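# Observations on the model geometry
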Amino acid sequence: MKPTDIRNPDVFHKVVDCQWACPAHTPVPEYIRLIAAGRYADAYMVNWHSNVFPGILGRTCDRPCEPACRRGRVEENNGPASMSDKPEPVAICRLKRVAADHKGDVRARMPQPATTKNGKRVACIGAGPSSLTVARDLAPLGYHVTVFEADPKAGGFMRTQVPRFRLPEEVIDEETGYILDLGVEFIGGHRIESMKQMLAKNYDAVFVGSGAPRGRDLDLPGRKETDAQVHVGLDWLASVYFGHVTAVGKRVLVLGGGNTAMDCCRSARRLGGTDVKVLVRSGFDEMKASPWEKEDAQHEGIPILDYRVPKNFVHASGRLTGMTFELVRAEYDDKGRRKLVPTGEPDEFHGCDEVLIAVGQENAFPWIERDIGIAFDESGMPVVDPVTLQATRKDVFFGGDAALGPKNIIWAVAHGHDAAISIDRLCHGEDLHERPPPQVNLLSQKMGIHEWSYDNQVAPEARFKVPLKDLTIALKNIREEVELGFDPELAWKEAQRCLNCDVQTVFTAKLCIECDACVDICPVDCITFTANGEEGELRARLNAPATNLSQALYVSTPLKTERVMVKDEDVCLHCGLCAERCPTGAWDMHKFLLDMTPAGSRCSQGAPRQVAA
């Protein structure tokens, strides 16, 4: 294998698994260390720079970072005996909320509105997370950004579809306010009915961040006859938010297995539903809802019944009385493709007073004319460049659910950052596919011979649970936030579980005397000195076989014996014991900080990487 080139930012970025997995590439270990130090405002600003909505995401994020967390992986792979037996990731998302809850007043640390405008005008359609991110990135650069929103206040689906018991109104007001205070023109209560008319206003760029506003319905026998008691989940949640719906029947069926279904059933429970059930076609483990969302629903006494396919709505005398379901099981072919087949058991009847349908959502673009140069695919989605988010018409961009289908808030934020870069480059006549490289720092943490500037002891504790409000109180008020969040003491304890994956083990081959001291002390056997070879066979003959092909090996230049040092980055604890034990300083611990370059940089793809040793 060729020696690893650590000058390439992706080498160490990929080792920081949580940041690599985050669509906005938030430097997770950096802000967790700040929380541990009680520097909540600093931790908040690190988050705000990357993910824009720390308080919102600290409550609602789908947490792609947590399944990637090294903590769960190394515990699962039989880490040190002092570690807990249950492999669980660090509570990254809820620590983000800690920074938001305890930061104090950070308004003075926010960017100020541009004192001079650059003459460029940008329109954002929809005031959801992607549009607001575009506005946040472009307004301080002197762009005149106008955000149009059908609802009176900014926030999009974060405000109208996420229930208040998960996300308080004041958190949305605060974090959308930081963006609007940058000199962004906000026009609420104004639905855009024609893209052609919008383009006629000669904006330099138009960004569409209108979300996926339409929930899917079910065309089953009895649907029309029971229309008054059957509701599409997304519309129903919005009606709850605006106060149009204040109560439900005692018996409620929720159809669907995603997070919207979980929000629907938990909302129904608070609005008077005493017998609320979720019925889903797939198996429980295959549901699209996040595991913690399912746990929260079950904690509130809501059963989730899987492998039930709805057949019809049953009604009598013009009123819904229940639904019939076919019982199925999953069968898989030799390629792993699933097929649901009937079990042969009798159909199952569930009586109910109301039904909430949450079986998916889709985009709706009737307001975009088809003769203005914006192409759509067979499914009705805009044809969008996945890198630049540019439509087939060069001055139009899409982001969030409107671009590539329903995902989540953090993906919408990432789209907003990318679209802002594209719009900025378009307005400067630059190639949109040349993306600005990240800013990178690689700095030694050595303070003495064997002393580091960070705590490198691996804490043995299992993941700490977030305290919840008592159900007797929480279920009485749909606006009562259920999660209480970590207090500073619990936050500090949970922060200690972070393995500081951004503090990298850096090896200098010319200093190595091949004494194997690092091999002897490594608690997970991730270091091997051996003859070089092809990657496949080399992985198999390491001290501990490196089986995770998605994580690269760290390979040194040839040593004096012609052997190479090979380190399995997949299971390394970043404990620093190798550097502490090394008698020559061949190993050192370097903090790697990657900062994604936002719009406004004139860097081109070919610009030199900025690495400070």
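The preceding data block contains the structure.
Residues numbered from 1 in each chain as written. Predicted model: local features only at pLDDT ≥ 70, side-chain atom pairs only at ≥ 80, totals over all residues. Heavy atoms only, no water.

## What to know about the overall build of the chain
Across its full length, the chain carries 22 helices and 22 strands. By the compact-globule yardstick of 25 Å for 613 residues, the chain fits well, its C-alpha radius of gyration being 27 Å. Each of the three principal axes of the chain carries a C-alpha extent, and together these read 90 × 65 × 50 Å. A buried classification covers 56% of the 613 residues belonging to the chain. Nonlocal contacts in the chain, meaning residues at least 24 apart in sequence, comprise 73% of its contacts between residues at least 6 apart. Averaging the locations of the 73 positively and 86 negatively charged side chains of the chain gives two centres separated by 2 Å. (Helix = DSSP H or I, 4+ residues; strand = E, 2+ residues; numbered from the N terminus. Rg over C-alpha atoms; globule rule 2.2 N^0.38 Å. Buried < 20%, exposed > 50% of the residue type's maximum accessible area, 1.4 Å probe, protein only. Contact = heavy atoms within 4.5 Å. Lys, Arg positive; Asp, Glu negative; His and termini not counted. Charge placed at Lys NZ, Arg CZ, Asp CG, Glu CD.)

## A word on the environment of glutamate 149
Along the chain, the position of glutamate 149 falls in the loop between β2 (144-148) and α10 (157-160). Between the alpha carbons of glutamate 149 and arginine 191 there is a distance of 6.1 Å; along the sequence they are 42 residues apart. For glutamate 149, the contacting residues outside a window of four places in its chain are Gly126, Ala127, Gly128, Gly156, Phe186, Ile187, Gly188, Gly189 and His190. For glutamate 149, the side chain forms a polar contact with the main-chain nitrogen of aspartate 151, separated by 3.0 Å. (Polar contact = N/O pair within 3.5 Å; in protein donor to acceptor, adjacent residues only side chain to side chain.)

## Topic: the side chain of histidine 13
Residue placement: histidine 13 occurs in helix α1 (residues 9-15). Setting aside residues up to four positions removed in sequence, histidine 13 forms contacts with Gln19, Trp20, His25, Phe592 and Leu594.

## So, the state of the cysteines
According to the stated counting rule, one finds zero disulfides in the structure shown. Cysteine 124 forms no disulfide, and the closest cysteine sulfur to it belongs to cysteine 427, at a distance of 12 Å. Of the residues examined, cysteine 124 reaches a relative accessible area of 0% and is grouped as buried. (Disulfide = S-S within 2.5 Å.)

## Brief notes about helix α11 (residues 169-180)
Over its twelve residues, α11 runs 16 Å from end to end, which matches the ideal 16 Å to within 8%, given 1.5 Å per residue. Within α11 the residues assigned to the buried category are Glu169, Val171, Ile172, Glu175, Thr176, Gly177, Tyr178 and Ile179. Next to the buried residues of α11 lie α4 (40-51), α5 (54-60), α9 (129-138), α10 and α13 (233-241). (Expected span 1.5 Å × (residues − 1).)

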